[in-house]
Amino acid sequence: MSLKLVFVAACALVDPDGRVLLAQRPEGKPMAGLWEFPGGKVEPGERPEETLIRELREELGIRVEEPCLAPLTFASHRYETFQLFMPLWVCRRWEGTVQSLEGQQLAWVKPGRLRDYPMPAADEPLIPFLTELLGEARD
Ligand SMILES: Nc1nc2c([nH]c(=O)n2[C@@H]2O[C@H](COP(=O)(O)OP(=O)(O)OP(=O)(O)O)[C@@H](O)[C@H]2O)c(=O)[nH]1
């Protein structure tokens, strides 16, 4: 049986203190309440980097230039109803202040604390890549 392939671009924003931004999925959506990396589905005709820049503007009100997106790793995960393929970029430089423009809760999280935030199953294997890059700081 072939599952629908869903292509999502996601980003770990890292602040000057080495904290990573997580956003909580709002009530009413699948996987509500779980914490995830900002991003979204790649629309037809879009390059994934364009998707990410658009989503970061729409969700968080920040402007990101493409050269500031560094590829880190990817998730490939079989959910019950779709196969997720999700490259993860890291971004440390943006213009503007991060705001919650879609009502989502936001949290800046030290890498060693990422496991305290329940995440979608696809995201768990991504955490060691972030702690490898940023260290295991917890506070
Ligand atoms: N942005 C993001 N999506 C993730 C992550 N992990 C993960 O499994 N996903 C899944 O990838 C899909 C992201 O699509 P989305 O955010 O554009 O979609 P959505 O469910 O809000 O739907 P909609 O935009 O059609 O309303 C969702 O199924 C989401 O659960 C993650 O870390 N970040």
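What you see is a predicted model, and the numbers here were worked out from it, not measured in a lab.

K.L.:
How should the overall build of the chain be read in this particular structure?
P.N.:
Secondary structure assignment for the chain yields two helices and seven strands. Its helices and strands in sequence order give the chain the pattern β-β-β-β-α-β-β-β-α, from N to C terminus. Relative to the compact-globule value of 14 Å for 139 residues, the chain shows a C-alpha radius of gyration of 14 Å, a close match. Referenced to the eigenvectors of the C-alpha coordinate spread, the extents of the chain come out at roughly 45 × 30 × 30 Å. Partitioning the intrachain contacts of the chain with sequence separation of at least 6 by distance along the chain shows that 66% fall at a separation of at least 24.

K.L.:
How should the UniProt feature "domain: Nudix hydrolase" (unreviewed entry) in the chain be read in this particular structure?
P.N.:
Cross-referencing UniProt, the feature "domain: Nudix hydrolase" (unreviewed entry) maps to residues 4-132 in the present numbering. Summarising residues 4-132: 15% helix, 34% strand, and an end-to-end C-alpha distance of 32 Å.

K.L.:
How do you make sense of the sheet that holds strand E1 (residues 4-13) when you look at a structure like this?
P.N.:
Sheet strands pair via backbone hydrogen bonds, and the direction of the pair is either parallel or antiparallel. Ordered in space as E4-E1-E6-E5, the four strands form an open sheet in which the pairing is mixed. The two strands at the open ends of the sheet, each matched to only one other strand, are strand E4 (39-41) and strand E5 (69-78). Taking each pair of neighbouring strands and ignoring which way they run, the sheet shows an average axis angle of 20°. In this structure, E5 lies alongside strand E6 (residues 82-91), joined through nine bridges in antiparallel fashion. Following the sheet pairing, Thr73 is matched in E6 by Leu88.

K.L.:
Please explain the confidence of the model for the chain as it appears in this structure.
P.N.:
Per-chain confidence: the chain averages 97 in pLDDT, with 99% of residues scoring 70 or above. In the predicted complex, the global pTM is 0.96; the interface-specific ipTM is 0.95.

K.L.:
How should I be thinking about the sheet that holds strand E7 (residues 106-109) in this particular structure?
P.N.:
The antiparallel open sheet is built from three strands, whose spatial order is E3-E2-E7. The open sheet has two edge strands, strand E3 (35-36) and E7, and neither has a second partner.

K.L.:
Help me out: how do you make sense of the nonpolar core in this one?
P.N.:
Buried together is how nonpolar side chains tend to be arranged in soluble globular proteins. Among the nonpolar cores identified, the biggest contains 30 residues, and Cys11, Ala12, Val20 and Cys91 are the most heavily contacted of them. For this core, the secondary structure elements donating two or more residues are E1, strand E2 (20-24), helix H1 (48-60) and E6.

K.L.:
What am I meant to see in the environment of Glu102 here?
P.N.:
Relative to the assigned elements, Glu102 resides in the loop between E6 and E7. With 10 C-beta atoms packed within 10 Å, Glu102 lands in the exposed category. As a C-alpha pair, Glu102 and Met119 span 17 residues in sequence and 19 Å in three-dimensional space.

K.L.:
Even after reading the chapter, I still don't get the site of the ligand, so can you show me in this structure?
P.N.:
Lining the immediate surroundings of the ligand are 15 residues, of which Glu36, Phe37, Gly39, Gly40 and Pro120 lie closest. Of all the elements in the fold, those that place two or more residues in the shell around the ligand are E1 and E4. Of the residues contributing to the shell around the ligand, the split by class is nine nonpolar, two polar and four charged.

What counts as what
Residues numbered from 1 in each chain as written. Predicted model: local features only at pLDDT ≥ 70, side-chain atom pairs only at ≥ 80, totals over all residues. Helix = DSSP H or I, 4+ residues; strand = E, 2+ residues; numbered from the N terminus. Rg over C-alpha atoms; globule rule 2.2 N^0.38 Å. Contact = placed C-beta atoms within 7 Å. UniProt positions renumbered as here; feature names shortened; annotations may be inferred. Pairing = 2+ DSSP bridges. Axes fitted to C-alpha atoms, helices over the stretch in contact; angles between N-to-C directions. pLDDT = per-residue confidence, 0-100. Core = buried A, V, L, I, M, F, W, Y, C linked by C-beta atoms within 7 Å. Buried ≥ 20, exposed ≤ 12 C-beta atoms within 10 Å, placed from the backbone. Near = placed C-beta within 6 Å. Nonpolar A, V, L, I, M, F, W, Y, C, P; charged D, E, K, R; others polar.

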